[in-house]
Amino acid sequence: MSRHDVTPYPDTEGAEDATSTISSAGTAISASAAISASTDAAPADADPAAEPALRIPPRARTLGLTLLCFAVCLAIGLQQWTTAQLGGFDLGIFDQGVRGYAHLGLPVSTLKSFHHEFPPGFSLLGDHFSPVIALMAPLYWLWDDPRSLLLGQALCFAAGVPLIRRIAGRCFADADPRTARRAADLAALAYGLGWPLLVASRGGFHEVAFAVPLTLLMLERGMARQYWASALAGLLLCCTKEDMGLAVGAYGLVLLLRARRDPDPARRRPAVRWGAGLLLGGPLASAVAIAKLVPAMGGVPGYYWNYQALGTDGGSAVANVLADPTRLIAASFDAPLKPLLLLWIFGTLFALPLRSATVLLAVPLLAERVLSSNPNHWSIARHYDAFLWPILLVAALEVLGRCHGRALTRRLGVAAAALTVAAAVPLGVANLFVPAYWQPKPSEAALLRGAALVPDGASVEADNQAAPRLTARADVVLVDEKPRGREYVLIRADKRSFPFRTDREQAERIELLLAHGYRTVWSEDGVYLLHREGTEPVPGEQVPGPDTVPYQDAVPSDVGHNLFRG
């Protein structure tokens, strides 16, 4: 067990700094901004008199690294937008939901509810309990556009830079100033250009935008023994997604483990109280959200249950595992990508996080993925690893700070940072410098031209890649297996698009619509814009109603075979 696992972190800041840091913690961005304002007081940048006169000041380094993270994450998101790689699933869904909050309503998404057959009254809170995304609504008052979410996510990720610098300063508090300064700079660089953040930026907007800085804030305030502020960050984290309460509970366990061997009763008692509260409150918040709040918003209990190898539901899974614990091992290795995922996640950090108790926060989040029967969870091609990134990086910093005097440890730390930045090159950064990657391919370019022809206020079934271009000015649903009877249909005929299994299905849909009251008003490069001219019903036409049963999409057979592509 590491030193940081059994002793508290040195109290390197005063109560006034802690109070100013959390006073604006309505959002993770504002809390991080407060911390950034006093970064020059952090341990990593102590003893300014010892610094050479021409050295870049601490605040300037923090600002520069923060802007670098923001610029790269935003550029990757905008590149995906420009090339029409961001679809209605999921950017369009979040755009409709946040726009609902911006108009002081519920986060309703017709893209989600129509495609998955949720009944009327369903809101995104019935899909995932993520009320924290309402904090993006003010951006829509300034710019009513889906790209506001890309901007907001980049801001949230960048807000973690001053936090990770302060955490590094605490971990290296007993190192010489030069070592501590370099550790803080390398940690911020590795965080800001970390491949999990870049992959998440490439996938558009998700709830993880808030989870990253809030996790860092919870851990940093815990290190400062400002447990009330840490608990507040944990509460906001529980509002990020229904399963994040498990990570909050795990952090409560970490606090208890570290307090157990603290010889100072004055430090031990509050750590035990707050640790026990988080240990109980985090899982309880998850249980309430899953069992009560999600169904109350139109969700279906068990909708995201993907653990058939363990049981048909949570109760049967627990009973089966208690009767035969080897089921967990079997489920964790029943697909080749699962062990590869673990090897990549920990191997790129040279297994350093495994020597810190903080890694316990990652256990429930990783277990959700490696025990899952859904192949979408097994690769690094989606945003899921960004939930883990702050946890793993902080755990690695704790280990490096404990052993900073050893040459091998220093080399491992530098190598881990270098490998992290190197992995960012093929996973996002390199494409930013290739002009061709800023141009949409012919099919996607045609989709964008077709979307521009849809009149404002029209009802439209749209191709997944075109849907985000219409959500701000039209009533949009996804063109999928069932006709929806909309005024316009924007669809491709010769390139498969989610959720169709083949492009032939899309061509057949066009033929069906043309035979039953639709006509082609525009066509180019295999993309068709159809307009409904009559009232003739289309065979199979369906609109979700009170009796419809929600369903999940079948995962294509080509998913779950490549660690990097999914």
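Quick caveat: nothing in here was measured; it's all calculated off a predicted structure.

## Considerations on the sheet that holds strand 4 (residues 518-524)
Link 1 in the chain: Within the open sheet, the five strands sit side by side as 2-1-3-5-4. Their pairing is mixed. Only two strands of the sheet have a single partner each, and these edge strands are strand 2 (475-478) and strand 4. Ignoring which end each strand starts from, the neighbouring axes of this sheet average 20° apart.
Link 2 in the chain: Examined bridge by bridge, strand 1 (residues 459-462) and strand 2 share four bridges and lie parallel to one another. Note on strand 2: the bridge partner recorded for E461 is V477.
Link 3 in the chain: In the packing of helix 21 (residues 442-452) onto the sheet, contacts are made with strand 3 (488-492), strand 4 and strand 5 (527-532), and the angle to strand 3 comes to roughly 175°.
Link 4 in the chain: Its contacts with the sheet place helix 22 (residues 503-514) against strand 1, strand 3, strand 4 and strand 5, and it is angled at close to 150° to strand 3.

## A closer look at the state of the cysteines
As used in these notes, a disulfide is a covalent bond between sulfur atoms, one from each of two cysteines.
Link 1 in the chain: This model, assessed by the stated rule, comprises zero disulfides.
Link 2 in the chain: Cysteine C156 is unpaired, with the sulfur of C69 as its nearest cysteine sulfur at 11 Å.
Link 3 in the chain: By relative accessible area, which is 0% here, C156 ends up buried.

## Side note on the side chain of S356
Link 1 in the chain: Inspection of the secondary structure puts S356 in the loop between helix 17 (337-347) and helix 18 (362-370).
Link 2 in the chain: Only 2.4 Å separates the side chain of S356 from the side chain of E398, close enough to count as a polar contact.

## Points about the pattern of salt bridges
Link 1 in the chain: Taken as a whole, this structure holds 28 salt bridges when the rule is applied.
Link 2 in the chain: Close ionic contact of E220 with R221 constitutes a salt bridge, the shortest N to O distance being 2.6 Å.
Link 3 in the chain: Assessed through its relative accessible area of 0%, E220 is described here as buried.
Link 4 in the chain: Classification of R221 as buried rests on a relative accessible area of 0%.

## Considerations on the environment of L198
Link 1 in the chain: Position of L198 relative to the elements: it lies in helix 10 (residues 195-202).
Link 2 in the chain: Here L198 is in contact with V72, C73, I76, G192, L193, A424, L427 and V429, once residues within four sequence places are set aside.

What counts, and where the lines are drawn
Residues numbered from 1 in each chain as written. Predicted model: local features only at pLDDT ≥ 70, side-chain atom pairs only at ≥ 80, totals over all residues. Heavy atoms only, no water. Pairing = 2+ DSSP bridges. Helix = DSSP H or I, 4+ residues; strand = E, 2+ residues; numbered from the N terminus. Axes fitted to C-alpha atoms, helices over the stretch in contact; angles between N-to-C directions. Contact = heavy atoms within 4.5 Å. Disulfide = S-S within 2.5 Å. Buried < 20%, exposed > 50% of the residue type's maximum accessible area, 1.4 Å probe, protein only. Polar contact = N/O pair within 3.5 Å; in protein donor to acceptor, adjacent residues only side chain to side chain. Salt bridge = Lys/Arg side-chain N within 4 Å of Asp/Glu carboxyl O.

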